[in-house]
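Listed here are the chains, written in short residue letters.
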Amino acid sequence: MAVYTEVTDEALRAFLADYEIGDLLAFRGIAEGVENSNYALRTTQGDFVLTLYEKRVDPAELPYFLGLMEHLARAGLACPTPVRGRDGAALRELAGRPAAICTFLEGVWPRRVRPEHLAPLGGALARLHAASGDFAATRPNALGPAGWAPLLEACRGRGDEVQPGLMAELDRHLTEILAAWPAPGALPVGQIHADMFPDNVFFLADAEGRPRVSGVIDFYFACTDLLAYDIAVCLNAWCFEPDGAFNLTKARAMVQAYQALRPLTEAEGAALPVLCRGAAIRFLLTRLYDWTHTPADALVTRKDPLEYLRKLRFFAQVETPGAIGV
Ligand SMILES: Nc1ncnc2c1ncn2[C@@H]1O[C@H](COP(=O)(O)OP(=O)(O)OP(=O)(O)O)[C@@H](O)[C@H]1O
Ligand SMILES: N[C@@H](CCO)C(=O)O
């Protein structure tokens, strides 16, 4: 479910009059995603995606997200390009919500991640980091280390209902993670995607049938943070099998392809185990928050926090970067 705000045919046609993207042929709500309302539009000039930003997005941050997408697209990265209206503004309002239209990207996200996806993923991540290197704006990571303790507190009342003893275990992990977190200035910083999960990366097959990245979407967690943290997010989201086992082959393929374009510093390599642990607790906590604050009968599908408890435990016992493919 991700159409929270209904848009009428008339309202959409009036909205599109402010753009030069042709006449509307068809539009439909997109069911995937949980944060915002998305519509696929077809006009006489092509396909587009209309997004209405819902409650969890702070309108003040939209210029950063849209500006970053525009910057990356201009640098040649396949990501949604915000379309400007006749007056030059990309961020507008529709049905009482902030709204923007972006270009539509071809491809599909992998429902089942195969080892062949990982090298293209690593390459795409390194290109994203290179392309955003000269983007001037910054945005602190609201879901970075400073945000984890407040999130844990917000879950404390009901967290143990999900698994007995969970809160005490998370207290221990968080204390250890924060104590080992790299000091400011120790690692390279830049614009990161921060949510590079399989459902945000589209692939198409090349002439030989090998997957190649055709687009990266959903920049609404993007922020200015440690570049290597994006690798840690990918190691969490792409390198575990459905049975919970860590797949070292996938990890190595991703990290090697990334390093072919941007070699990691020694400090980044050494820090990756704790960055992975941090990324695991970040997704565990946001999922736990949603789990304990969303009514069970809500239309949104809640994601399993315990999947990330298993990943957190795995990364907590990693002793060398080599064990995670670095
Ligand atoms: N530019 C695009 N081109 C093609 N499809 C898109 C594009 N943007 C979004 N989509 C489609 O819309 C779906 C939802 O988009 P998105 O993941 O950005 O939604 P969200 O509600 O913000 O997300 P999430 O729950 O992942 O945080 C995607 O899975 C994809 O199918
Ligand atoms: N990718 C996230 C949702 C958006 O933060 C998750 O799977 O928990």
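As the structure is a prediction and not an experimental result, all values here were calculated from the model. (Residues numbered from 1 in each chain as written. Chains lettered and ligands numbered in written order. Predicted model: local features only at pLDDT ≥ 70, side-chain atom pairs only at ≥ 80, totals over all residues. Heavy atoms only, no water.)

A. A look at the UniProt feature "domain: Aminoglycoside phosphotransferase" (unreviewed entry) in the chain. When the UniProt feature table is mapped to this numbering, "domain: Aminoglycoside phosphotransferase" (unreviewed entry) covers residues 27-264. Helix makes up 37% of residues 27-264 and strand 19%, with an end-to-end C-alpha separation of 44 Å. (UniProt positions renumbered as here; feature names shortened; annotations may be inferred. Helix = DSSP H or I, 4+ residues; strand = E, 2+ residues; numbered from the N terminus.)

B. The arrangement of the site of ligand 1 in detail. Lining the immediate surroundings of ligand 1 are 16 residues, of which E32, V34, E35, L105 and D218 lie closest. At a separation of 2.8 Å, an oxygen atom of ligand 1 approaches a polar backbone atom of E35. Contacts to ligand 1 include N38, whose side-chain N or O atom sits 3.2 Å from an oxygen atom. The fraction of the free accessible surface of ligand 1 (620 Å²) that becomes covered by protein chains is 90%. Here the residues of the shell around ligand 1 sort into eight nonpolar, five polar and three charged. Shared between two domains, the shell around ligand 1 takes at least three residues from each, and those domains are domain 1 (9-103) and domain 2 (115-324). (Near = heavy atom within 4 Å. Polar contact = N/O pair within 3.5 Å; in protein donor to acceptor, adjacent residues only side chain to side chain. Areas by Shrake-Rupley, 256 points an atom, 1.4 Å probe, with all protein chains shown as cover. Nonpolar A, V, L, I, M, F, W, Y, C, P; charged D, E, K, R; others polar. Domains from an automatic or database assignment.)

C. The arrangement of helix α2 (residues 62-74) in detail. Along its 13 residues, α2 runs 18 Å from first to last C-alpha, staying within 8% of the 18 Å computed at 1.5 Å per residue. L62, Y64, F65, L66, L68, M69, E70, H71 and L72 are the residues of α2 that are buried. Elements that come into contact with the buried residues of α2 comprise β5 (97-103), α3 (115-131), β6 (189-192) and β9 (223-226). Just downstream of α2, G76 is the residue with a positive phi angle, here 100°. (Expected span 1.5 Å × (residues − 1). Buried < 20%, exposed > 50% of the residue type's maximum accessible area, 1.4 Å probe, protein only. Contact = heavy atoms within 4.5 Å.)

D. View of the site of ligand 2. Taken together, D195, F197, F221, R282, F283, R287 and K303 make up the full set of residues adjacent to ligand 2. Between R282 and ligand 2, the recorded distance is 3.5 Å, taken from a side-chain N or O atom to an oxygen atom. Taking R287, its side chain carries an N or O atom lying 2.7 Å from an oxygen atom of ligand 2. In the complex, the protein chains occlude 87% of the 260 Å² of accessible area that ligand 2 would expose alone. Residues that form the shell around ligand 2 fall into these classes: three nonpolar, no polar and four charged.

E. Structural view of the environment of F48. Of note, F48 is situated in strand β3 (residues 46-52). Owing to a relative accessible area of 8%, F48 belongs among the buried residues under this scheme. It is 4.6 Å that separates the C-alpha atoms of F48 and F104, two residues lying 56 residues apart in sequence. If we ignore the near neighbours within four places in the chain, the residues touching F48 are I21, Y39, A40, L41, T43, V83, I101, C102, T103 and F104.

F. Spotlight on the packing of helix α6 (residues 227-238) against helix α7 (residues 248-261). Axis separation between α6 and α7 bottoms out at 10 Å; the angle between their running directions is 155°. Between α6 and α7, the interaxial angle falls into the category roughly antiparallel. In the crossing of α6 with α7, the sense of the turn from one axis to the other is right-handed. Residues L227, I231, C234, L235 and W238 of α6 lie in contact with α7, whose contacting residues are K250, A251, M254, V255 and Y258. (Axes fitted to C-alpha atoms, helices over the stretch in contact; angles between N-to-C directions. Parallel < 35°, antiparallel > 145°, perpendicular 65-115°, else oblique. Left-handed = near helix turned anticlockwise from the far one by under 90°.)

G. Highlighting the confidence of the model for the chain. On average, the chain scores 95 in pLDDT, and the residues at 70 or more come to 98%. The ipTM assigned to the predicted complex is 0.90, against a pTM of 0.95. (pLDDT = per-residue confidence, 0-100.)

H. Quick peek at the sheet that holds β5. With antiparallel pairing, five strands are arranged side by side in an open sheet as β1-β2-β3-β5-β4. Two strands bound the open sheet, and with one partner strand each, they are β1 (24-29) and β4 (92-94). For this sheet, the mean angle separating the axes of adjacent strands, direction not counted, is 35°. Judged from the seven bridges that link them, strand β2 (residues 37-43) and β3 form a sheet pairing that is antiparallel. Bridge pairing in β3 places L41 opposite F48. Relative to β1, helix α1 (residues 9-16) is tilted by about 125°, and along the sheet it contacts β1, β2, β3, β4 and β5. (Pairing = 2+ DSSP bridges.)

I. Examining the packing of helix α8 (residues 266-293) against helix α9 (residues 305-316) more closely. Two numbers describe how α8 lies on α9: the axes approach to 8 Å, and their chain directions differ by 160°. In terms of axis orientation, α8 runs roughly antiparallel to α9. Pair α8 / α9 crosses with left-handed handedness. Across the interface between the two elements, P273, C276, R277, A280, I281, F283, L284, R287, L288 and W291 of α8 pack against P305, E307, Y308, L309, K311, L312, F315 and A316 of α9.

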